[in-house]
Every structure is written in C-alpha cells, then in structure tokens.
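What follows is the residue order along each chain.
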Amino acid sequence: MRALNRRSFLGAACAGGLATTFAPSLSFARASTDRRFVFVLLRGAMDGLHAIVPAGDPHYRAARGSLAYAANDLTRLDGMFGLAPGLSPLAASYRSGELLPVQGLAIPYRTRSHFDAQSILETGLDKPVGAASGWLNRTLEVLGGASSQGIAVGGPLPLSMQGRVPVATWAPSALRSGNEAFIDDLSQLYNLDPVLADPFTAALTLQEQAMDMDAGGTSKRGLAQFEQLFAATGRFLNAADGARIASLEFSGWDTHVGQGLANGTLDRRLNALATGLLALKSQFSADAWSKTVVVVATEFGRTVATNGSGGTDHGTGGAALLYGGAVRGGRVLADWPGLASHQLFEQRDLRPTFDTRQLLKGVLAAQFDLRAAELDRLVFPDSQGVPALAGLVR
Amino acid sequence: MQIDPRLRALNRFGLGARPGELGQIDPKGWLRAQVQPTAAINPDKSLLTTEAMIDALAAARNTGGMAQDRRQAMRKQGREMAGREVLSALRHAATTQTPFAERLARFWSNHFAISMQGEPLVSHLAGAYEREAIRPHVFGRFEDMTLASAMHPAMLIYLDQTRSIGPNSRAGRKNGRGLNENYARELLELHTLGVDGGYTQDDVRQLALMLTGWTVGGLARGRNGGEPLPFSFADRLHEPGAKILLQRRFDAAGEQEGRRAIAMLCRHPSTARFIATKLVRHFVADRPQQADVDAIAHVFQRTGGDLRAVSLALLERDSAFYGTERKFRTPQDFIIAAARALRVNDFDRATLRALQSMRHAFWSPPSPAGYGDTVQGWADPDSLLRRADLAKALTRRTRGRNTDIGAILAETMEVANPSALVQILDQQPDRNTQLALLLASPDFQWR
C-alpha cells in the first residue's frame, strides 16, 4: 500500500473523474486567460512617503523632520522621487520598465480607521458598509467559467477574495517531512468521500505546485515569510493550468513608533517586500512573466510629519507599486500635490490626487479585457464616475 | 452507513462523543435533560464581568501618559483578555456535561455575532458579551437575548451604535454629525427579520432614529454614583419626534422606542422563519427541509420566541436522528470533538493560532453575519490539511496514556467505509499515528 504515493493518488483521482463541485481543482481546469494578476495588501498602512520618497520636494526635509532620508541613501527615480534603500533591489526592474511606483492615491472615503479603510479597499465600495464580497472575487465571477481561478495565499481568506466564487487557499503547512505516508493514507480515505475528495486533492496539488516534496513546506516566520509566500504564489500562477488571480497580504506596517531610516524597522520590511517580489518573478517563465501584473497596495498613507515617538500616524494619500512583465513602468505615476503645509490634506496628510479604484480598474481592464460596464457596476459597484487609468499595462 | 441515534445525539446535537458515553445514554432523554436554564452557563469564575471591564477601561483612559502608549497598552490588554476568555471557553466546551446547551450557546453567540477584527475594545468585551448577553438566555426568551445583545457595549461598539446621533437631537444640531445605520440594519437583516424579511431602506433609517441615544455610558463619563455604566441612554443624542417602523407609528418615548421596536421585531413572523431556518441548517442539514423549518417556526411563533420550547422542538425532528444528510464540523467544533474523544481538557496558544489559520478564531468573523454553517465554507483545501496537522499535534499530547483506539472508532464516529478505514489503520506504524489518522479521517470531520 505504501507504493501508492501522493503523485499516483493524484493521478488516480484525475483518472477517476471526480466531480469538481468545490474548490477550483487546479489540475482539471482549462484556463481561458493566460494573464496573471496578484493583489498584495499591506495591512496597517504602509508609509508611502518612506517608500517612494519625494526627496525633490522643496519642503521634504522640513516636513518630514527626523524621518527624512539622507539623499545618498536613496535610489534616484526621477527629479522628484527616490526609492527607499530597502527597495533598492527593485532598481533594476524600474530601469527595465517592470516597476511603476504610484504616489498620492487613496480610497474614495475619508477615514483614518484601519478597519473601515481596509474594508473599503477590499470590498471595492465607496463606503464602509458590510459587503459580503470583495472585488477580486467579483472579478473572478465576471471572468466566469474555467478561467475563474483564484487563490488566497498565506493567511485567512481576505475580504477581497470572499464571495460567490469558490477560491482556493494555501499556506505553508506545519506538516514536516516524514508525514508523506500519513498524508498518502489519508488521501485514500478522502478519495472515498464524495464531498471532501475534491478539496483534499486540490490541497495536495497546491502543495506540489508550491514546492518540491523535499523542500518542505514548514511555515516561516517574520520577514522570511515574504520570500516564501511570494515564491509559492509565483509557482501557482506560472503553472500552465494554475491559478490566474492571487491575493497575498502582510501586516506589520502600522509604524506609530520608531519607524527608522536606512535599515530601520520599516526599511527592513520594505526590503523583505522587494526580495519577495523578486522571488515571485524568479518562479515565472519569460512568457508567463510578460503577462503578469502585481499590484501592491495599502489602506492609506501616513502623516507627513514625524510624531512624538519617531513614527507616523494614520494619514490619507499613500503609495502603491505596480510590478510585472506586463507593466508599463520605468516612471513614477503621480500628480504631485506637494508637501508645503497649505498643500496638505487637513494640514497633515498627503493630499490624494486619485482614487485607488482608478488604478485597479486600469489594471483589470487591460489584463482581463473587462468592459467598462462590468468594472463600473459589478467589480466596483456604482463607480461610473471613476475612470480607469489608461496606459498602465503593455 | 449504519445510523445510530445515540451517536447523532452526541455528535449532531452535542460537541462530540467521548469513549464510554455511548452505552449510557437514551438519545432524546439525554438531550432533553440538558434543556435547563443553568446548563448553558460557563462556570469559570476567574473571568471579568462587563462592569469590571468597563471600569478598568475607564480608569486606564483617565491615567495620564502618552495617548500612543495608552493605546498600545490597551491593545495588549485586549489581546490578553481575549486569549484568557477563549481558552476558558474552549476548556468549557471540551469538558461540559451539557454539550447540547453549549452548542446552542455557541449558535446564538454566532447569530448575534460581534467581531474582534474591528474595534479594539471588542476584544476586551467579547467573552463577557457571550457570558452575560447570550448564555443566560439560551433557554429563555429570544426577545430578552436580542435586547441583552443590543444593550451590551460589545455590540454597541462593534456595530457603531455609539456613533449614531439623531440629526435633530441636541448633539446633532450642534456639531452636524449624524445617523449611523449600521446596527439598525444588522438588527433587521441579521438578528431578526432576515434579509428578505420585508423591510425597506426607510425602515432601516427609522429604526436607526429610534435607537439613537443607545450608547456605552461608563467609558466617557466614568462611574455614575459609584456604579460603572456599561449601557446608558443619552437623551441629547436621541432624535425627537414620532417614527414609523414597518408601517406602525411609534410616539416619541426616548429609550423606550428602541425597546418597543425590538419587541415588535422579535414577534414578527419573518423572524420566526429566519431563526427556524438557521437552527435547522445548524443542527439538521445544510439545505433545510421546509417541513423542519415550518415546525420550528411554528413553535417559535406560538410561544413568542420561547427558546426552551424551540430547543425541545428541534429534538423532535427525526430527520436529524435518522436522515442521511451529514453536517460538516467547523474548525472549532473539530478541535473540540477531537479533544473530547481524546479527553484532552486544556488548550494552548498553538490551538488558537491553528484556529486562526483555519479562519475560525473565536469571536472574529469577517462580517456581522457571523461564521458560516455549511460544508462549502469550511472544507477548503488548506484547512483540510491543517486538520491533519492538528490531529497529529493533539494526539502527541496523549502520549503515555493508554487511549483506547477501538473505543474511539466504535463509539465516537459514524464510519462510511469501515473496511477501508480499518485496513488503513492497520498499516500505521504506531498507536499515535493510528489515533491521528482516525481524527484526521473524513469520517471524523462529519457529524
């Protein structure tokens, strides 16, 4: 009986033609799109001014105070912006046009509550009302059919992925090597269960896609998680029959205290993010990468001024990153509002110059050929007045 | 599959059989005996009451120091409070002698869901909310439970009732802030009538107006004559004038308006149907049969929401005892059932993390609708593997004990394919792995 290993179980399950009633059983699906999309949510409000640094603004140094970077710590992007030291691994991607930093965007509703802001960012609505579904799930719904393959990587199913379309989940398992026989035996039992056979098979398929059997899938902690989860996401999306829309999230960006400068608390986290994005890319074939867009977003920006604890408080306008082979990057997208005190929103925050939904709509429209009506009504309800940004994607 | 009504009593209506229990029970008699007011109480006396908690929070707010430090300290305190509450609730669930009452307590707590994912203060209060607003009414009146939930600070804060101000109230006219419909909407949609229960957006607004002034007293104003004030009615926030809810006119009556509205909603036939459907879905089948729903709704309506009568009526539904439909254990219920089978009584922080990774942490649903109750929501690929992880972790804790594997197999689970299960069990290298395989098996995930 030991001879039946995991692979042969999967083979048997496929040959048996089990009903695919539940989760997108990735091995069966035929993708009708080969475009890939990843949404990375940085929970806690990443300080955009500390990532895409407006060092060329005449008021930067005075406005930021002790959190202003030294000029030679930054990688110069253009006359206004520099990349934070932690993001410097992405400098080459910027030069090759795969990175598009975005400055000065915000959700459509003014709140400094993490809860409300994340809920708006994830539901795609313009108010914090309890929608039961997220815009990623509704995108999957609009795409429909076999192409509707979503996966939430790393944590609980985020609100953005909740909704009518079943979405797979994957996280590094605590199962250590030596458990293969146990899982194989369990597979045989699950294979006999008409309801659970399918999701169990999907779980094993995802494990396989995520990493080779001998690499182990034990969960990493702290900053090492970024690389692990991004790399796994890359494998899922690169697979010819794999998922097409993935969500990832990382918390720990709520830097009220001791935010630091080069190699400080926030900068190290930014560095983990950059390393993770490169790890994601490393899993892709050149062709698949050329069809991929990653959006890194956060619920809002932070105060321009440093607070009394060497950190920053909840603000408004923030930053995002577009990354991928399909991105038209190599420039910073911003309608820079300025950092002089009269230019700020409520005298404290970066003034938002466009709506996060404009960015998301622009990417989805180009990646998946979504019609304006679908974007305006279904994916982002009641957003007719919010035009998609053009020219983000090749 | 051999259906044993005793196993159904222990698993379907309880929290999982323990080896040795099966032989001792008469299924319906055992369940009926649990229908008594004190059966749903968690006897742990070490936990803080809502009043003590509000008092401590108000005191903390009034100490000096940096706002930032204070917030951090409060957040930390909230996490600690919640951790203690959850471990106590888990211990109680794993050891209680009245698991049917406990299932109902958990059902109602999830029906009137609050979530620690939102406002930080909810973490401080979530455990006390369940113990004080839900558990005492599990075999009482639905209206009393609804009212207790409506007046509890955890709910008032979670659904923003404390932020709702009548636009024409004294406070509203002064600072131009206004109505927050969040709680009123969920009271209609999720707690009483149900989304198709026959109310309009205008009813939501009218109910919100009636409820203006319902707020948490003690936090802002501290003690009143030496007493902490978890609930208070603030007239200066209350919208003056008469209101019309579901075509009925309510004269201006301050705090009484909200109470009268809740009384009316709880007696509405839509509420009876909505509650009956949820109860049948919870205990009988993911797709409730109309006959089952009608029977429960009838008892609910006839008794004016007497939950003792409603609970007893559930036990009369033969479909739950003899039907072929199975119910899938939620992650929490899986852990509790595994612990009961193994007689593991205490849990550690790793268990809490496991629940989190399976998206089923205590009192933390992603929306006010509470956690789902069907197999579609819980049998996702990653969670199934995590159940296998957990089965291994839990059985490791029984090392050195002589756990009777045969008894767990024979007395705690319905087995769909006995020969396959026994054959694979026999191939396991040791007793611990056998035990883990039993708990991780698909059969153990169903009840």
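Residues numbered from 1 in each chain as written. Chains lettered and ligands numbered in written order. Predicted model: local features only at pLDDT ≥ 70, side-chain atom pairs only at ≥ 80, totals over all residues. Heavy atoms only, no water.

A. Representation of the overall build of chain A within the structure. Each helix and strand in chain A was counted, giving 12 helices and 11 strands. Counted over contacts in chain A with a minimum sequence separation of 6, partners at least 24 positions apart contribute 76%. For chain A, the exposed surface amounts to about 13,900 Å²; the carbon and sulfur share of it is 51%. (Helix = DSSP H or I, 4+ residues; strand = E, 2+ residues; numbered from the N terminus. Contact = heavy atoms within 4.5 Å. Areas by Shrake-Rupley, 256 points an atom, 1.4 Å probe, with all protein chains shown as cover.)

B. Expanded view of the packing of helix 4 (residues 67-95) of chain B against helix 18 (residues 331-342) of chain B. Residues and elements named next belong to chain B. Close contact between helix 4 and helix 18 brings their axes to 8 Å; oriented N to C, the two are set at 50°. When the interaxial angle is binned, helix 4 and helix 18 end up oblique. You can see that helix 4 and helix 18 cross each other, and the crossing is right-handed. Contact with helix 4, carried on its side by Leu 90, Ala 93, Ala 94 and Thr 95, involves Ile 336, Ala 339 and Arg 340 of helix 18 and no other residues of that element. (Axes fitted to C-alpha atoms, helices over the stretch in contact; angles between N-to-C directions. Parallel < 35°, antiparallel > 145°, perpendicular 65-115°, else oblique. Left-handed = near helix turned anticlockwise from the far one by under 90°.)

C. Representation of the domain arrangement of chain B. Residue and element names in this part refer to chain B. Annotation of chain B at the domain level lists domain 1 (5-25 + 328-445), domain 2 (36-138) and domain 3 (269-322). Computed from C-alpha coordinates alone, the two centres of domain 2 and domain 3 are separated by 28 Å. Counting residues at the interface gives eight residues for domain 2 and nine residues for domain 3. For the pairing of domain 2 and domain 3, the buried interface totals around 930 Å² over both sides, and the portion due to carbon and sulfur atoms is 74%. Where domain 2 packs against domain 3, one counts zero salt bridges. At the boundary of domain 2 with domain 3, the tally comes to two residue pairs in polar contact (both at pLDDT 80 or more). Looking at the side of domain 2 that touches domain 3, its residues break down into five nonpolar, two polar and one charged. (Domains from an automatic or database assignment. Buried area = accessible area lost by both parts, 1.4 Å probe. Salt bridge = Lys/Arg side-chain N within 4 Å of Asp/Glu carboxyl O. Polar contact = N/O pair within 3.5 Å; in protein donor to acceptor, adjacent residues only side chain to side chain. Nonpolar A, V, L, I, M, F, W, Y, C, P; charged D, E, K, R; others polar.)

D. Focus on the interface of chain A and chain B. Tallying the contact residues gives 41 residues for chain A and 39 residues for chain B. Carbon and sulfur atoms make up 65% of the area that chain A and chain B hide from each other, which totals about 3,300 Å². Applying the counting rule to chain A against chain B returns one salt bridge. One salt bridge connects A:Asp193 with B:Arg326, and the closest N-O pair in it is separated by 3.7 Å. Counting every contact that joins chain A to chain B gives six residue pairs in polar contact (both at pLDDT 80 or more).

E. Region of the structure containing the packing of aromatic side chains. Residues and elements named next belong to chain A. Considering all chains together, one arrives at 24 aromatic pairs over all chains under this definition. Between Phe 39 and Trp 135 the ring centres are 4.9 Å apart and the planes differ by 75°, which places this aromatic pair in the edge-to-face class. Of the two residues, Phe 39 sits in strand 1 (residues 36-42) while Trp 135 sits in helix 5 (residues 135-143), which places them 96 residues apart along the sequence. With a relative accessible area of 0%, Trp 135 lands in the buried category. Ring plane angle 55° and centroid distance 5.3 Å describe the contact between Phe 284 and Trp 289, whose orientation is recorded as tilted. (Phe/Tyr/Trp six-rings, centres within 6.5 Å; stacked < 30°, edge-to-face > 60°. Buried < 20%, exposed > 50% of the residue type's maximum accessible area, 1.4 Å probe, protein only.)

F. Up close: the nonpolar core. Ranked by size, the top nonpolar core spans 150 residues in total, and within it A:Leu186, B:Trp108, B:Leu207, B:Trp214 and B:Leu279 carry the most contacts. In terms of residue count, helix 4 of chain B provides more of this core than any other element does, nine residues in total. Not counting residues within four places of it along the chain, the set of residues in contact with B:Leu207 comprises B:Ala184, B:Leu187, B:Leu188, B:Leu245, B:Ala261 and B:Leu265. (Core = buried A, V, L, I, M, F, W, Y, C linked by side-chain atoms within 4.5 Å.)

G. The arrangement of the sheet that holds strand 5 (residues 99-106) of chain A in detail. All names here are of chain A. The sheet built from eight strands is open, its strands ordered 7-6-8-1-9-10-5-11 with mixed pairing. Of all strands in the sheet, those bounded by a partner on one side alone are strand 7 (168-170) and strand 11 (354-355). Judged from the six bridges that link them, strand 5 and strand 10 (residues 318-323) form a sheet pairing that is antiparallel. Across the sheet, Leu 105 pairs through a bridge with Gly 318, a residue of strand 10. (Pairing = 2+ DSSP bridges.)

H. Main features of the sheet that holds strand 2 (residues 52-53) of chain A. All names here are of chain A. Strand order in the open sheet formed by three strands is 2-4-3, and the pairing between neighbours is antiparallel. The sheet terminates laterally at strand 2 and strand 3 (75-76), the two strands that pair on one side only. As defined by bridge partners, strand 3 adjoins strand 4 (residues 82-83) across two bridges and the pair is classed as antiparallel. Bridged to Thr 75 within strand 4 is Leu 83.

I. Geometry of helix 3 (residues 50-62) of chain B. All names here are of chain B. With 13 residues, helix 3 extends 18 Å between its outermost C-alpha atoms, agreeing within 8% with the 18 Å of an ideal straight helix rising 1.5 Å per residue. Among the residues of helix 3, those classed as buried are Thr 50, Met 53, Ile 54, Leu 57 and Ala 58. The buried residues of helix 3 occupy one face: seen down the axis, they fall within an arc of 130°. (Expected span 1.5 Å × (residues − 1). Arc of directions from axis to C-beta.)

J. Seen up close, the pattern of salt bridges. All names here are of chain A. Under the criterion given, the structure shown has 42 salt bridges over all chains. A salt bridge links Asp 34 to Lys 291; its shortest N-O distance comes to 3.1 Å. With Asp 34 in the loop between helix 1 (6-15) and strand 1 and Lys 291 in the loop between helix 10 (286-289) and strand 9 (292-298), the pair connects residues that are 257 residues apart, well separated along the chain. The exposure class assigned to Lys 291 is buried, which follows from its relative accessible area of 16%. One salt bridge connects Asp 376 with Lys 361, and the closest N-O pair in it is separated by 2.7 Å. With Asp 376 in helix 12 (residues 372-379) and Lys 361 in helix 11 (residues 356-368), this residue pair connects regions lying 15 residues apart in the sequence. The same class applies to Asp 376 as to Lys 361, namely buried.

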